[in-house]
Amino acid sequence: MEEFHKVRRLPPYVFEQVNRLKASARAGGADIIDLGMGNPDLPTPQAIVDKLCEVVQDPRTHRYSSSKGIPGLRRAQAAYYARRFGVKLNPDTQVVATLGSKEGFANMAQAITAPGDVILCPNPTYPIHAFGFLMAGGVIRSMSVEPDESFFPPLERAVRHSIPKPLALILNYPSNPTALVATLDFYKDVIAFAKKHDIIVLSDLAYSEIYFDGAPPPSVLEVPGAMDVTVEFTSMSKTFSMPGWRMGFAVGNERLIAALTRVKSYLDYGAFTPIQVAATHALNGDGSDIAEVRNVYKRRRDVMVESFGKAGFDVPPPAATMFAWAKIPEKFRHLGSLEFSKLLVEKADVAVAPGIGFGEQGDDYVRLALVENEHRIRQAARNIKKFMSTADETMHNVISLNAHR
């Protein structure tokens with residue numbers, strides 16, 4: 001049977017090829033060190049779990065919840081933005097709870113996109129940034145991911161040559177997968193451009209609290225006037241080690257938030273009320289849980305940079321996020337990121353995320369997630385060093401899939 005229209009618009013999910021190989025290796029008894037999926041291994045802080053257990057005992061909380069988020073949760077998110085960014089939000093009209101930032105992005109795409117609308121999207125980037133709009137009928141125009149002066153000439157060309165004119169621009173800083181961090185001055189230039197050309201700005205700030213060097217990453221909403229054109233998405237998955245809880249937020253422009261809220265009201269009843277209450281408790285905390293998570297990732301980052309470097313695999317130290325974005329060693333770069341990632345599973349018992357899964361501009365890279373402890377990261381480095389030192393003898397029959405193109 002012919003594939004359905006929306007399914008045809010989606011490219012093959014390259015991560016699944018690595019996942020299948022990983023599962024097969026584990027079934028055969030291999031101990032795979034998984035640096036692929038950004039799935040936090042740290043436990044949710046006990047106080048948050050305790051609050052969930054307390055609230056779930058009340059049978060009234062077992063009923064349908066609120067799609068846009070219970071009032072206390074939206075107030076807590078507004079208070080967090082005021083403390084962290086100095087941004088004032090109306091919790092009734094400028095905050096909506098989402099089932100993680102991924103769901104928020106996808107439903108925002110459904111809310112604002114007409115067939116053929118042009119979306120400006122960084123490349124490489126987290127897949128939902130592009131695929132959410134593709135599923136909604138939009139067209140993606142790839143942009144630079146570097147938050148510097150090189151970012152703007154392609155934007156100007158896109159405005160001049162795209163028909164129809166671009167609807168929205170997607171930002172993601174700190175960036176997944178590249179770990180790049182934007183400055184407030186960069187955001188000021190983005191907002192000036194967006195307002196000049198009447199373009200919506202959608203900012204994914206999921207990694208705002210996972211930073212290691214220097215000042216905390218800013219919010220684009222700190223820019224005066226940004227609220228006129230911007231919605232920003234955050235998540236509790238990484239900040240509070242709550243990935244399976246599926247708790248996130250969209251905040252910003254009232255008209256855009258109203259559109260997202262309306263779409264969501266047709267699709268879900270919101271997260272389970274005890275989860276929303278526990279998330280409220282987390283947001284109203286003193287921040288010590290966030291600091292501990294950040295310290296754990298920083299230690300792991302430092303161990304990865306040192307041990308992989310000694311193994312001959314240079315890993316630039318990320319300034320933020322729970323990922324490192326590393327160029328494939330020269331000897332293997334001709335294979336492309338998917339084949340190299342598959343080789344690491346087969347030959348080194350290490351799983352990574354192939355850069356091609358984040359866009360064609362990522363094919364010379366792999367993404368390494370800081371989701372294994374320091375001992376396991378060092379073991380991964382030893383495995384990779386052994387593989388690379390014997391590759392000339394063990395890879396004589398490996399041919400790049402690009403070789404015949």
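Everything quoted here is computed from the prediction, not taken from an experiment. Per chain, residues are indexed from 1 in the order of the written sequence. Under the rules for a predicted model, residues below a pLDDT of 70 receive no local features and side-chain atom pairs below 80 are neither given nor counted, while totals for whole chains, interfaces and linings still include all residues. Excluded from the side-chain calculation are hydrogens and water; included are all heavy atoms of the structure.

### Comments concerning the nonpolar core
Rule in force here: Note on terminology: a nonpolar core comprises buried Ala, Val, Leu, Ile, Met, Phe, Trp, Tyr and Cys residues joined through side-chain atoms within 4.5 Å. Burial here depends on accessible area, computed with a 1.4 Å probe over protein chains only, as a share of the maximum for the residue type. Under 20% is buried, over 50% is exposed, and the range in between is partly exposed. Starting at the N terminus, helices and strands are each numbered in turn, a helix being any DSSP run of H or I of at least four residues and a strand any DSSP run of E of at least two. Contact criterion: two residues are considered in contact whenever any of their non-hydrogen atoms come within 4.5 Å of each other.
Core analysis: the biggest nonpolar cluster contains 53 residues, and Tyr81, Phe151, Leu171 and Met236 have the highest contact counts within it. Those elements giving two or more residues to this core turn out to be α4 (71–85), β2 (95–98), β3 (118–122), α7 (152–161), β5 (168–172), α8 (184–197), β8 (248–252) and α10 (273–283). With near-sequence residues (within four places) excluded, Phe151 lies in contact with Ser144, Glu146, Leu169, Leu171, Tyr173, Phe186 and Val190. Tyr207, Phe212, Phe340 and Ala369 belong to the second-largest nonpolar core, a separate cluster that totals 41 residues.

### Brief notes about the domain arrangement of the chain
Definition in use: Domain delimitation in this document rests on an assignment produced automatically or drawn from a domain database. Buried area, as used here, totals the accessible surface that two parts lose on assembly, with accessibility defined by a 1.4 Å probe and the loss added over both. The salt bridge criterion pairs a side-chain nitrogen of Lys or Arg with a carboxyl oxygen of Asp or Glu, the two atoms within 4 Å. Here a polar contact is taken to be a pair of N or O atoms separated by no more than 3.5 Å, where protein atoms must pair a possible hydrogen donor with a possible acceptor and residues adjacent in sequence count only if both atoms sit in side chains. Basically, the charged four are Asp, Glu, Lys and Arg, the nonpolar ten are Ala, Val, Leu, Ile, Met, Phe, Trp, Tyr, Cys and Pro, and anything else, Gly included, counts as polar.
Assigned domains within the chain: domain 1 (3–41 + 287–389) and domain 2 (59–282). Once you take the C-alpha centre of each, domain 1 and domain 2 turn out to be 26 Å apart. Contacts between the two partners involve 28 residues from domain 1, matched on the other side by 31 residues from domain 2. The contact between domain 1 and domain 2 buries some 2,700 Å² in all, and 65% of this surface belongs to carbon and sulfur atoms. If you sort the residues of domain 1 by the area they bury against domain 2, Arg9, Arg294 and Thr321 come out on top, with a joint share of 23%. At the surface where domain 1 touches domain 2, the tally comes to two salt bridges. Glu209 is the salt-bridge partner of Arg294, the closest N and O atoms lying 3.3 Å from each other. Between the two partners, domain 1 and domain 2, sit nine residue pairs in polar contact (both at pLDDT 80 or more). Elements with a minimum of two residues in the side of domain 1 that touches domain 2: α11 (288–310) and β9 (323–327). With six residues, the top contributor of residues to the side of domain 1 that touches domain 2 is α11. The residue makeup of the side of domain 1 that touches domain 2, split by class, is 14 nonpolar, seven polar and seven charged.

### Side note on the packing of aromatic side chains
Convention followed: Two aromatic rings from Phe, Tyr or Trp, using only the six-membered ring of Trp, form a pair when their centres are within 6.5 Å; if the ring planes differ by under 30 degrees the pair is stacked, by over 60 it is edge-to-face, and anything between is tilted.
Enumeration over the complete set of coordinates arrives at 18 aromatic pairs. Their ring planes at 50° and their centres at 4.9 Å tell us that Tyr81 and Phe85 sit as a pair that is tilted. One end of the pair is Tyr81 and the other is Phe85, both in helix α4 and four residues apart, which spans about a single turn. Under the relative-accessibility criterion, Phe85 is labelled buried at 7%. Through a chain of ring-to-ring contacts, three or more aromatic side chains come together here, namely Phe151, Phe152, Tyr173, Phe186 and Tyr187.

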